[in-house]
Amino acid sequence: RALRNSSVEDMVKIISLSYLDLPPHLKTCLLYLSIFPEGHIIEKENLIRRWIGEGFIQKKSGYTVYESGEMCFNDLINRNLIQPAKLDETFGDEVKNCRVHDTVHNFIVSKAVEENFVTIVGVPGVINPDPKAKIRRGSLQNDGDVPPGLDVSSARSLHVFGRNVKIPSLSEFRLLRVLDFEDCSQLEDDHLVGIGILLQLKYLRFKHAKAIT
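In short, a report on the structure. (Residues numbered from 1 in each chain as written. Predicted model: local features only at pLDDT ≥ 70, side-chain atom pairs only at ≥ 80, totals over all residues. Heavy atoms only, no water.)

### What about the environment of Asp 190?
Put simply, the rule is: Under the DSSP-based scheme used, a helix requires at least four consecutive residues in state H or I and a strand at least two consecutive residues in state E, with every element numbered from the N terminus. Three labels apply to residues, based on accessible area from a 1.4 Å probe with only protein chains included: buried if under 20% of the type maximum, exposed if over 50%, partly exposed otherwise in between.
Considering the arrangement of structural elements, one finds Asp 190 in the loop between β7 (178–182) and β8 (203–207). Judged by its relative accessible area of 65%, Asp 190 is exposed. For the pair Asp 190 and Ser 169, spaced 21 residues apart in sequence, the C-alpha to C-alpha distance is 9.3 Å.

Next up, the structure:
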């Protein structure tokens, strides 16, 4: 056990040094991965679209904003901070999906919560520092439910994972730029009544959610 703990501690130190070595925009892009559940398979295109919607990606000269996002994605892959999960042999083994190693995921969740970068609800052991603080990004997982009194008026993005999450009222999230529902079979038309007031919304996604009529 001592050897195992020592190995984990050494790995955390390496991850911490790798994180500190990142330029600011890549630190932001990496911390953003804390919104996903542990072990989640993340689609590259979806991730880059979220980054763009959040305003993280600056267009590089001679490239589209999406291509600039791909550069950030590939940089994190090359630094071994995210791992390829699926290759597309049609396009020369292009990485189409990725995942985050559990130890890296634990590190970025801890860092993101500490810096109030993201508020994670429904994950055992994750304690957000100040329940009354204004949240910037929300990630609802498992059987998560937005606590009463939590100020979501300034939230820029909301990410909902799983059929047991209680869907919050969108009328309280007026400044959302990114809204994503994944595996939310409990989603009904009534849950989207307030979507018309989300004037800053840049990216909306439903995956494996109940059909919206």
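### Some thoughts on the pattern of salt bridges
Our working definition: Any Lys or Arg side-chain nitrogen located within 4 Å of an Asp or Glu carboxyl oxygen qualifies as a salt bridge.
Applying the stated criterion to the full structure yields 14 salt bridges. When salt bridges with common partners are traced through the structure, they connect Glu 43, Arg 50, Asp 180, Glu 182, Arg 205 and Lys 207 into a single cluster.

### Overview of the pairing of strand β5 (residues 137–140)
As a reminder, the rule being used: In this analysis, strands are considered paired if DSSP registers two or more bridges between them.
Residues Arg 137 and Ser 139 line one face of β5 and the alternating positions Gly 138 and Leu 140 line the opposite face, and both faces are buried. Here strand β4 (residues 119–121) pairs with β5 via three bridges, running parallel. Counted as the bridge partner of Thr 119 is Gly 138 from β5. Relative to strand β6 (residues 157–161), β5 runs parallel, the two being bridged by four bridges. Within β6, the residue paired with Ser 139 across the bridge is His 159.

### A few points about the nonpolar core
Note the following rule: Residues enter a nonpolar core if they are buried and are Ala, Val, Leu, Ile, Met, Phe, Trp, Tyr or Cys, with the set joined through side-chain atoms within 4.5 Å. Contacts between residues were defined by any pair of non-hydrogen atoms, one from each residue, lying within 4.5 Å.
One finds Leu 33, Trp 51 and Phe 73 to be the most contacted residues of the largest nonpolar core, which totals 39 residues. When residues of this core are traced back to their parent elements, those giving at least two are α1 (2–20), α2 (24–32), α3 (44–54), α4 (65–78), β3 (94–99) and α5 (102–114). Per-element tally for this core: the top contributor is α5, with six residues. Beyond its immediate stretch of four places on either side in the chain, Trp 51 contacts Cys 29, Tyr 32, Phe 56, Ile 57, Gly 69, Cys 72, Phe 73 and Leu 76.

### Structural notes on the packing of α3 against α4
For clarity, the threshold we go by: Each axis is a line fitted through C-alpha atoms, taken for helices only over the stretch in contact, and angles between the N-to-C directions span 0 to 180 degrees. By convention the crossing between two helices is left-handed if the near helix lies anticlockwise of the far one by an angle smaller than a right angle, and right-handed if it lies clockwise. Gly is placed with the polar residues, together with every amino acid not listed as nonpolar (Ala, Val, Leu, Ile, Met, Phe, Trp, Tyr, Cys and Pro) or charged (Asp, Glu, Lys and Arg).
The contact between α3 and α4 brings their axes to 9 Å, and the two run at 115 degrees. Between α3 and α4 the crossing geometry is right-handed. Along its contact with α3, which presents Lys 44, Glu 45, Leu 47, Ile 48, Arg 49, Trp 51 and Ile 52, the element α4 presents Val 65, Tyr 66, Gly 69, Glu 70, Cys 72, Phe 73 and Leu 76. Of the residues in the contact of α3 with α4, the class split is nine nonpolar, one polar and four charged.

### Quick look at the packing of aromatic side chains
Just so we agree on the cut-off: Paired rings are identified among Phe, Tyr and Trp, the last through its six-membered ring, by centres lying within 6.5 Å, and are further divided according to the angle between planes into stacked (under 30 degrees), edge-to-face (over 60) and tilted (the rest). Only lysine NZ and arginine CZ atoms are considered, and such an atom sits over a ring when it is within 6 Å of the ring centre and within 35 degrees of the ring normal.
Tallied over the full model, the rule gives five aromatic pairs. Relative to Phe 107, the ring of Tyr 19 lies with its centre 5.7 Å away and its plane at 70 degrees, an arrangement referred to as edge-to-face. Taken together, the residues Tyr 19 in helix α1 and Phe 107 in helix α5 connect sequence positions 88 residues apart. Accessibility classification places Tyr 19 together with Phe 107 in one group, the buried group. With 5.7 Å between their ring centres and 5 degrees between their planes, Phe 181 and Phe 206 make a pair best called stacked. Linking Phe 181 in strand β7 with Phe 206 in strand β8, this pair joins segments that are 25 residues apart in sequence. An aromatic cluster of three or more residues is present, and its members are Tyr 32, Phe 56 and Phe 117. Lys 27 extends its terminal NZ or CZ atom over the ring of Tyr 19, reaching a point 5.4 Å from the ring centre.

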